[in-house]
Amino acid sequence: MKKTIVLFLLVSSIMFGQYWEHGLQFNPAYAANEFDGFKLSYTIRGFERYVFNENWGLEFGFGAGKYQGKDWNDAEYSTFIVPIDLRATYNFLIDKSYTTYAYLGVGGLIYDVTKKSNTPQWPPKDVEESGVTVLIPAGLGILLHLTDDLSLDLSAGMNYTFTDNLNYYRDGSPKDAYYNLGLGIIYGHQWSDKDSDGDGLFDKEEKELKTDPLKADTDGDGLNDYQEVRVNTTNPLVVDTDNDGLNDYEEAVKVKTNPLVADTDEDGLKDGEEVNNYKTNPSDKDTDKDGLTDSEEVNTYKTNPLKADTDGDGLNDKEETASYKTDPLKADSDGDGLNDKEEVTTHKTNPLVSDTDGDTLTDGDEVNNYKTNPLEKDTDKGTVNDDVEVKRGTDPLEASDDVIKVGVPMVLEGITFKTASAEITPESEVSLQKALRTLNGYPELEVAINGYTDNKGKKSSNIKLSEKRAKSVKEWLVAHGIDAKRLTTKGYGPANPVAPNTTEEGRLKNRRIEFVRTK
């Protein structure tokens, strides 16, 4: 019977648990009870262990052996035991070459006393020769990893029972127990395919890959080794597989770029440069959608790859560089006072030339100051270019003043006087400056300054007033550098009206100063 049980246990330890770790232990033991005489006890134990993860496991064990020793009279006792238990194991120090663990369990112990000592039971108590009791095993152990499939198991523990019959002597003291050392071999399919770090790769695979089987993320990039090898095909030993400045986790999870290609969008900038330096989209060649790739903007044109119109002139960077050849960094490429878009779309001028019509006036001056046509040298189609008219003070929008003819009067509009006075008003400054520029522009001119009034009041008084006003204009011009010999004055009063005196508007026109070329 005993041999049959032992054989069954040994065969079971080999046959069962093909997908579990399984092993066999020899456990020399010391019987702990009322007697103090020693004789080596032992058990042979087989077990099956299911490993949940790198730390926790559940072990079912069964065995057989002898619980034996000597009494106070040196007489021997011996009991055949069959321990069956379920243990929880916890690995607390894990290394490539060894693993330390602790265990605690509960089970049952079948016992049969085969040899009794000579010590009489005192005081007399009933002692059972055989039976079943509860067994509580606890201890520590270390696994020495010989190969991927095989480990040497060394352990030490204590096994406490709920019976006092194992030495066939009862005195009511603590129950019988035994201490054991253990020497065993663990082998199994699950052991060879174990994943110590729980990263999804078996330790054997990690050994081939040269990754750390005890560290889920060998290179510390944020992706575990399984994700790198099986999902992203990145190098689990290198933080940044494509060497673009972003680690593999950032590319695969955060930025969604290709961790195997340094420049995902093939725009000429590495993914890391785009994300960290320029804040551009590493998956889009043209982040600001202006027609230039991010690399062209950064390296070639020095424009802002996040802003379609870097200089804010209304033309996007591609239009400036490809279509108009203007400077995408300057709103006004030719510095003429008009931005590039105004020149291209509104005025049709050349944004690369400050003076499109070649009249020496910049396009900006013509448009903004003189209201002349920047595409025409002579806007009024007279005989004098715009710049000449501007310099001499004639109107570049009026052809009639291009050539001042002898004897032809020219009204100086805008020259006004205080009521019934020859004192020139401040508002006349603009018209006087214009007259001054004309006289400076035509140094050969001699001019008669004629004064006129409306028909209100006495004619004689109006003639005197008009003469005084003509002289006031002459005095102003002389004070500003015009030779007095070039100027004569005369007052005509209400003579030669240019408009009816029946309306205030007509009378206003008749109150005027005229220049008449005399030479």
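Residues numbered from 1 in each chain as written. Predicted model: local features only at pLDDT ≥ 70, side-chain atom pairs only at ≥ 80, totals over all residues. Heavy atoms only, no water.

Mapped onto the elements of the fold, Asn501 is located in the loop between strand 12 (487–491) and helix 14 (504–510). A polar atom in the side chain of Asn501 sits 2.8 Å from the side chain of Asn510. Leaving out residues up to four positions away in the same chain, Asn501 has contacts with Asp454, Asn455, Arg507 and Asn510. (Helix = DSSP H or I, 4+ residues; strand = E, 2+ residues; numbered from the N terminus. Polar contact = N/O pair within 3.5 Å; in protein donor to acceptor, adjacent residues only side chain to side chain. Contact = heavy atoms within 4.5 Å.)

A few words on the nonpolar core. Of all hydrophobic cores here, the largest spans 19 residues; its most connected members are Ile449, Val473, Leu477 and Phe515. At the level of secondary structure, the elements contributing two or more residues to this core comprise helix 12 (429–441), strand 11 (447–451), helix 13 (459–479) and strand 13 (513–517). In this view, Leu477 contacts Leu432, Leu436, Leu439, Ile449, Ile482, Leu487 and Phe515; residues no more than four positions away in its chain are not counted. By size, the runner-up hydrophobic cluster in this structure holds 12 residues, among which are Ala29, Ala31, Phe35 and Tyr111. (Core = buried A, V, L, I, M, F, W, Y, C linked by side-chain atoms within 4.5 Å. Buried < 20%, exposed > 50% of the residue type's maximum accessible area, 1.4 Å probe, protein only.)

Before going further, it helps to spend a moment on unusual backbone geometry. Backbone phi values are negative for most residues with the exception of glycine, while trans is the configuration of most peptide bonds. Backbone geometry places Asn243, a non-glycine residue, at a positive phi of 55°. One non-glycine residue, Asn496, lies in the positive phi region at around 50°. Take Asn496: it is sitting in the loop between strand 12 and helix 14.

Let us look at the environment of Asn33. Structurally, Asn33 is set in the loop between strand 1 (21–32) and strand 2 (37–38). For the pair Asn33 and Asp164, spaced 131 residues apart in the sequence, the C-alpha separation amounts to 8.0 Å. Apart from residues no more than four positions distant in its own chain, Asn33 is found in contact with Tyr67, Tyr77, Asn167 and Asp176. Separated by 2.8 Å, the side chain of Asn33 and the backbone nitrogen of Phe35 make a polar contact.

Before going further, it helps to spend a moment on helix 5 (residues 248–255). Where helix 5 starts, the residue carrying a side-chain oxygen 3.0 Å from the main-chain nitrogen of Tyr249 turns out to be Asn247. Note on helix 5: the residue one or two positions beyond its end, Lys256, has a positive phi of about 65°.

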